[in-house]
Amino acid sequence: MKRSILFLSMIFLATAANYASASAGRITVSINPPSVQANMGDKITYAGTVTNNSDRAIDNIIAYISLANITPGKEAPLDLEDWSANKAIKVDTIPPHGTYEGQWPMRLIDSGSYVAYITVVDKNDNMPVSSPMSRLEIKRLLRLNPNNVLPVAIGEPVALGMVFMLVAFRRRKRVK
Amino acid sequence: MKATYIMQKEIRESILTPKGFLWYILTSVILSVMSYLFLTNNELSLLDQGQMLYMIMNFITALGVLMGLVFGADAFAGEIERGTLEALFLSPVNKVEIATGKIGAALTNWGIIFAISLPYLFVVGKGGQNLLIGIVYLAFLGTFLAITFSAFSMGLSARIKSMKNSLIISFFIFLLAGAPIFLSAAQRRTWFGRILDLINPFADVINTFDSVVIDSQGFGYQVARVAIICGYLVLSVWFLKRSVSRLEM
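Residues numbered from 1 in each chain as written. Chains lettered and ligands numbered in written order. Predicted model: local features only at pLDDT ≥ 70, side-chain atom pairs only at ≥ 80, totals over all residues.

### Some thoughts on the packing of helix H7 (residues 131–160) of chain B against helix H12 (residues 219–245) of chain B
All names here are of chain B. Inclusion rule: Axis lines are fitted through C-alpha atoms, for helices just across the contact stretch, and the angle between N-to-C directions can take any value from 0 to 180 degrees. Helix numbering and strand numbering both begin at the N terminus, where a helix is a DSSP run of H or I of at least 4 residues and a strand a DSSP run of E of at least 2. We call two directions roughly parallel when the angle between them is under 35 degrees, roughly antiparallel when it is over 145, roughly perpendicular when it lies between 65 and 115, and oblique otherwise. Take the far helix as your reference; a near helix turned counterclockwise from it by less than a right angle gives a left-handed crossing, and one turned clockwise gives a right-handed crossing. For every residue pair, C-beta atoms are placed from the backbone, and the pair is scored as a contact if these atoms sit within 7 Å. Nonpolar residues are Ala, Val, Leu, Ile, Met, Phe, Trp, Tyr, Cys and Pro. Charged residues are Asp, Glu, Lys and Arg, and all others, Gly as well, are polar.
Contact geometry of H7 with H12 gives a least axis separation of 8 Å together with a crossing angle of 25 degrees. When the interaxial angle is binned, H7 and H12 end up roughly parallel. The handedness of the crossing between H7 and H12 comes out as left-handed. Across the interface between the two elements, Leu141, Phe144, Leu145, Ile147, Thr148, Ala151, Phe152, Met154, Gly155, Ala158 and Arg159 from H7 touch Ile229, Cys230, Tyr232, Leu233, Ser236, Val237, Phe239, Leu240, Ser243 and Val244 from H12. Per-class residue counts for the contact of H7 with H12 are 16 nonpolar, four polar and one charged.

Structure, rendered in structure tokens:
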């Protein structure tokens, strides 16, 4: 009995390992650049390459990028819509041994340490395939005068106030 | 020509006074705070430049409409309450010319708000998309809307003859017109939301701004909405003319 259970377990493990390696081997995904250091507010672009290693074309796969915050105390996956990143890309077909290159531009909204990775989902496989993780370090940056807003934001009310005082002064003078 | 005299009188009495001027300083202060917050929070906010420009355009339009309503509510009811309408009627100016002059003053007020907002629009929209075309649309549609709401409020003021009541009714109309802003995107996509969006001149203007500034769509997409806004403009001017011609002391 024990032998039978052991035998069946070995068959199951061998099948599962074979299945996983088959799906992972058929498609490979890479992400570029492998690491990024940038400032808050910068716009960067991740490029992902999906390679079909098999002899058959792969149809209708979905590739998407994920970002996880790994800053100590803030560990969480991110909603990339906030970061203006592209949504998932649907790839119609990749020919045998062909590649697909996708781009995911995004605006860096918050500072911290992150990892980015691209995942490909093929509806014919049970296993998603992910790229290696790309490290992303975002430095906090505070700009006090973006777009040179301060001269207008301060100057215009002051200028209007001066015109206001001039009008008031002239009126008073006329009344006297 | 006589309407110009009335317009000049209104401008002297309402705009070129220290109290009247205070409105514009406050407008400028509010726009300063908004622009500064938008731009300094740019890195943190979810807003891109087009979105910021669109929001500031909406705010300027709403401000212009609101001030137009106040001008309108004061136009005849205010004169009656101050006891100055009789003197105005005794002058060699007919009622329609008086109304035209008062609309001219309300339009001047909108023109000043628009002029005050220009530097902010340029600062907020710098480097973004559709800045100039957005400003052109704001100039035209803002003017149409300012005339529409001022004329409606003026007509109401001539009929009701009470500044308080015409102001309250005008504000209710303004809130009703602004109601689509408070609806969620999903609610606005329903048949009810779509109809409300289409028949509401204020919603038509902000949807046109959205289409032009954010979606970069051409004039072809805006024709139906602009036609509806022009329709309201004609209707409100007709309402004003009819209300003023019936006005008696």
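### As for the environment of B:Val212
Residues and elements named next belong to chain B. Rules: Think of it as a crowd count around each C-beta: if 20 or more other C-beta atoms lie within 10 Å the residue is buried, if 12 or fewer it is exposed, and in between it is partly exposed, with C-beta placed from the backbone throughout.
Tracing the chain through its elements places Val212 in helix H11 (residues 201–214). Here Val212 falls in the buried class, since 25 other C-beta atoms lie within 10 Å of it. Sequence separation between Val212 and Tyr54 is 158 residues, and the spatial gap between their C-alpha atoms is 9.1 Å. With sequence-adjacent residues up to four places away left out, Val212 is seen in contact with Asn130, Ile133, Gly134, Tyr137, Gln217 and Gln222.

### Description of the packing of helix H3 (residues 49–75) of chain B against helix H6 (residues 95–125) of chain B
All names here are of chain B. Here H3 crosses H6 at 160 degrees, and the two axes come no closer than 10 Å. The angle between H3 and H6 places the two elements in the roughly antiparallel class. H3 and H6 meet at a crossing whose hand is right-handed. Listed contacts from H6 to Gln49, Met52, Leu53, Ile56, Ile60, Leu63, Gly64, Met67, Gly68, Phe71, Gly72 and Ala75 of H3 are Lys102, Ala105, Ala106, Asn109, Trp110, Ile113, Ser117, Tyr120, Leu121, Val124 and Gly125. Residue classes in the contact of H3 with H6 are distributed as 15 nonpolar, seven polar and one charged.

### Some thoughts on the sheet that holds strand E3 (residues 43–52) of chain A
Residue and element names in this part refer to chain A. Put simply, the rule reads: Two strands qualify as a pair provided DSSP detects at least 2 bridges between them.
In spatial order, the strands read E1-E3-E7; together these three strands make up an open sheet with antiparallel pairing. Looking along the sheet, the strands with just one partner apiece sit at the ends: strand E1 (27–32) and strand E7 (99–107). Mean inter-strand twist for the sheet, computed between neighbouring axes without regard to direction, equals 20 degrees. Pairing between E1 and E3: six bridges, direction antiparallel. Its bridge partner being in E3, Thr28 is matched across the sheet by Thr51.

### A short note on unusual backbone geometry
The step from A:Asn32 to A:Pro33 runs through a cis peptide bond, and the omega angle for that step is -5 degrees. Following the sequence through the fold, A:Pro33 ends up in the loop between E1 and strand E2 (35–39). Here B:Lys161, not a glycine, exhibits a phi torsion of approximately 65 degrees, which is positive. Along the chain, B:Lys161 turns up in the loop between H7 and helix H8 (163–182). The phi dihedral of B:Ser216 is positive, around 55 degrees, even though this residue is not glycine. One can find B:Ser216 in the loop between H11 and H12.

### Some details on the environment of A:Met40
All names here are of chain A. With respect to the helices, strands and loops of the structure, Met40 is situated in the loop between E2 and E3. Residue class for Met40 comes out partly exposed when judged on the 19 C-beta atoms lying within 10 Å of it. The spatial distance from the C-alpha of Met40 to the C-alpha of Glu81 is 16 Å, given a sequence separation of 41 residues.

### With respect to helix H1 (residues 2–15) of chain B
All names here are of chain B. Cut-off, in case you're wondering: Working rule for helices: expected span equals 1.5 Å times residues minus one. Directions from the helix axis toward the C-beta atoms define the arc.
Here H1 is 14 residues long and its end C-alpha atoms lie 19 Å apart, about the 20 Å a rise of 1.5 Å per residue gives. Among the residues of H1, Ile6, Met7, Glu10 and Ser14 are the ones counted as buried. Looking straight down H1, one finds its buried side chains confined to an arc of 100 degrees; they lie on one side. When the buried face of H1 is taken as reference, the exposed residues oriented beyond 90 degrees from it are Thr4 and Arg12. At its buried positions, H1 is contacted by helix H2 (18–40), H3 and H6.

### Considerations on H3(B)
Taking 1.5 Å as the rise per residue, H3(B) with 27 residues should run 39 Å; its terminal C-alpha atoms sit 39 Å apart, in good agreement. Most of H3(B) is tucked away, with 21 of its 27 residues classed as buried.

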